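A look at the structure
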Amino acid sequence: MADCVFVVAEFRGGDFRRVSYEVASEGRKIADALGVSLYGIAVGSGVTDKASQLGFYGVDKVFVADDPALESYVAETYVPVIASIIEQADPAAVLLAASVDGKDLSARLAARLEAGLAQDCTEVVCEDGALKAKRPIFAGKCLAWCEWAEDALPMISCRPNVMDCRDADATREAEVEAVAVEIPEARSRATGLELDTSGKVELTEAEIIVSGGRGMKASENFSILEELATELGAAVGASRAAVDAGWRPHSDQVGQTGKVVNPNLYIAVGISGAIQHLAGMGSSKYIVAVNKDPEAPIFTKADYGVVEDLFKFVPAFTEEVRKMKSTC
Ligand SMILES: Cc1cc2nc3c(=O)[nH]c(=O)nc-3n(C[C@H](O)[C@H](O)[C@H](O)COP(=O)(O)OP(=O)(O)OC[C@H]3O[C@@H](n4cnc5c(N)ncnc54)[C@H](O)[C@@H]3O)c2cc1C
């Protein structure tokens with residue numbers, strides 16, 4: 001008889017990533033539906049002091065593996081450590097983030113634990129004690145519901161920025177238990193993490209994204225999007241055409257071969273709306289498209305469409321945002 005649901009938290013730069021709180025909130029929902037406890041797993045270096053805070057988002061108890069050797073995510077160390085914690089209980093499900101590290105970790109963990117993995121899910125429901133998870137497939141063209149055989153362990157990675165995050169309840173600290181686990185000698189190690197210190201909002205965590213495509217025509221023209229983004233507190237993204245042209249770094253690319261983003265507001269400027277681009281931003285809550293071609297496919301996906309030359313519209317819109325902000 002399963003006794004818990006596990007959520008695996010992601011710890012980086014001295015704190016948990018926001019997606020860990022989303023995963024914890026989703027885990028709480030499932031644990032309540034199944035009538036079991038919610039356990040967290042926190043792995044890293046210096047993670048102990050923060051571990052109890054997972055309780056603010058619904059975790060009852062956190063198992064902590066805190067060691068300098070676990071400073072950065074390396075599959076060879078993280079997978080056996082996390083697997084050994086999970087193996088000591090009888091979980092009904094394991095939830096992780098479908099982040100870059102989380103996707104790698106969940107695939108390896110699922111193989112090791114012989115769990116059934118549903119990757120990059122956007123919804124999880126519990127019906128009559130059985131879990132079902134929804135995930136976009138074929139570049140977002142279809143949505144698949146995954147179910148598990150009765151004797152299978154469901155492992156679910158949750159797409160960042162999609163699932164509701166509970167309000168933090170600072171009165172609800174989780175119990176913390178340090179686990180003594182053997183950390184295997186790794187053949188590879190991370191020699192350092194280069195954090196983006198530009199102060200830019202990270203695309204996958206941004207509430208608002210302003211993205212530019214081939215319609216921007218040149219690298220220097222992205223300055224008008226940067227200005228708009230600054231006013232809106234947004235991140236700047238790009239289509240692959242803009243990245244391939246060398247106007248933006250690959251880290252800005254949104255889409256099938258770039259990043260999958262889920263902001264509240266996605267403003268697509270001079271982007272036609274190819275299926276591979278939609279795969280990366282189609283689940284944004286509100287989509288605004290700016291394109292001079294009224295037949296551009298992006299308008300079929302957009303909640304609001306502006307048929308206009310972007311070089312006229314964007315500076316005028318930025319000015320209006322500035323005015324509105326100054327009167328607020
Ligand atoms: C395997 C594979 C993977 C891919 N992965 C990705 C991916 O991850 N992300 C991605 O984005 N693409 C990806 N692509 C490429 C994708 O198919 C498209 O080629 C690309 O998205 C087109 O980018 P775009 O919309 O910027 O350019 P275009 O399709 O050329 O569109 C430019 C748009 O700008 C508009 N425009 C031009 N001038 C103006 C103006 N002055 N004012 C207003 N509008 C204007 C035009 O009307 C047009 O609609 C992939 C393709 C393949 C085959």
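Being a predicted model, the structure only gives us computed values, none of them experimental.

Some words on the sheet that holds strand S10 (residues 142-147)
Taken in spatial order, the three strands make up an open sheet running S8-S9-S10, and their pairing is antiparallel. The sheet is open, and its two borders are formed by strand S8 (123-127) and S10, each paired with just one other strand. Across the sheet, the axes of successive neighbouring strands diverge by a mean angle of 25°, strand direction being ignored. Of the pairings in the sheet, the one linking S8 to strand S9 (residues 130-137) comprises five bridges and is antiparallel in character. Along S9, the bridge assignment pairs glutamate 123 with lysine 134.

A few points about the nonpolar core
Within the largest apolar cluster, 37 residues are counted, with the highest numbers of intra-cluster contacts made by Val5, Phe16, Val62, Leu95 and Ile156. For this core, the elements supplying multiple residues, two or more each, are strand S1 (4-8), helix H1 (18-34), strand S4 (37-44), strand S5 (61-66), strand S6 (91-97), strand S7 (116-121), S9 and strand S11 (154-158). Tallying contributions element by element places H1 first for this core, with six residues. In this structure, valine 5 is in contact with Gly27, Ile30, Ala31, Leu34, Val36, Ser37, Leu38, Tyr39, Ala92, Ala93 and Leu95, ignoring residues within four places of it in sequence.

Considerations on the pattern of salt bridges
Tallied over the full model, the rule gives 25 salt bridges. Measuring nitrogen to oxygen at the nearest pair gives 3.3 Å for the salt bridge that ties aspartate 101 to arginine 12. With aspartate 101 in helix H4 (residues 100-113) and arginine 12 in strand S2 (residues 11-12), this residue pair connects regions lying 89 residues apart in the sequence. Residue aspartate 252 is joined to arginine 248 by a salt bridge in which the shortest nitrogen-to-oxygen separation is 3.0 Å. The buried category is assigned to aspartate 252, whose relative accessible area is 5%. On the basis of relative accessible area, arginine 248 is assigned to the buried category, the value being 12%. Each of the salt bridges in this network shares a partner with another, and the network as a whole consists of Glu227, Glu231, Glu319, Arg322 and Lys325.

Re the pairing of S6
Within S6, seven of the seven residues are buried, leaving the element largely enclosed by the surrounding structure. The sheet contact formed by S1 and S6 spans four bridges and is parallel. Within S6, the residue paired with cysteine 4 across the bridge is proline 91. In this sheet, S11 lies alongside S6 in parallel orientation, the contact comprising four bridges. Bridge pairing links alanine 97 to cysteine 158 in S11.

Focus: the site of the ligand
Close contacts around the ligand come from 26 residues, with Arg214, Ser239, Thr257, Ser272 and Gln276 the closest. Separating an oxygen atom of the ligand from a side-chain N or O atom of arginine 214 is a distance of 2.7 Å. With respect to the ligand, the backbone of valine 254 contributes an N or O atom lying 2.8 Å from a nitrogen atom. In the complex, 77% of the free accessible area of the ligand, which totals 990 Å², lies under the protein chains. For the shell around the ligand, the secondary-structure elements that each account for two or more residues are helix H6 (240-244), helix H7 (275-281) and helix H9 (310-327). Its residues assigned to classes, the shell around the ligand comprises six nonpolar, 13 polar and seven charged.

Concerning H1
For H1, spanning 17 residues, the distance from its first C-alpha to its last is 25 Å, which sits close to the expected 24 Å at 1.5 Å a residue. Taken as a whole, H1 has its buried residues at Val19, Ser20, Tyr21, Glu22, Val23, Ala24, Ser25, Glu26, Gly27, Arg28, Ile30 and Ala31. Downstream of H1 by a residue or two, glycine 35 has a phi angle that is positive, lying close to 70°.

What about the layout of surface pockets?
If you add up the space inside the largest pocket, you get close to 1400 Å³. Along its surface, the largest pocket is lined by 49 residues, and Arg12, Arg17, Glu202, Thr204 and Glu205 are the ones closest to its centre. With five residues, H4 is the largest single contributor of residues to the lining of the largest pocket. Here the lining of the largest pocket is composed, by residue class, of 23 nonpolar, ten polar and 16 charged. Among the domains, domain 1 (4-178) and domain 2 (203-327) are the pair contributing at least three residues each to the lining of the largest pocket. By volume, the second largest pocket amounts to about 600 Å³. Lining the second largest pocket are 24 residues, and of these Ala2, Ala92, Glu150, Ala152 and Pro154 lie nearest its centre. When residues of the lining of the second largest pocket are traced back to their parent elements, those giving at least two are helix H3 (75-87), S6 and S9.

What counts and what doesn't
Residues numbered from 1 in each chain as written. Predicted model: local features only at pLDDT ≥ 70, side-chain atom pairs only at ≥ 80, totals over all residues. Heavy atoms only, no water. Pairing = 2+ DSSP bridges. Helix = DSSP H or I, 4+ residues; strand = E, 2+ residues; numbered from the N terminus. Axes fitted to C-alpha atoms, helices over the stretch in contact; angles between N-to-C directions. Core = buried A, V, L, I, M, F, W, Y, C linked by side-chain atoms within 4.5 Å. Buried < 20%, exposed > 50% of the residue type's maximum accessible area, 1.4 Å probe, protein only. Contact = heavy atoms within 4.5 Å. Salt bridge = Lys/Arg side-chain N within 4 Å of Asp/Glu carboxyl O. Near = heavy atom within 4 Å. Polar contact = N/O pair within 3.5 Å; in protein donor to acceptor, adjacent residues only side chain to side chain. Areas by Shrake-Rupley, 256 points an atom, 1.4 Å probe, with all protein chains shown as cover. Nonpolar A, V, L, I, M, F, W, Y, C, P; charged D, E, K, R; others polar. Expected span 1.5 Å × (residues − 1). 1 Å grid on protein atoms, 1.4 Å probe; cavity = no way out; pocket = protein on both sides within 12 Å on 5 of 7 lines; lining within 4 Å. Points joined across faces, edges and corners; volume = space filled by probe spheres on them. Domains from an automatic or database assignment.

Don't take any of this as a statement about function, it's just geometry.
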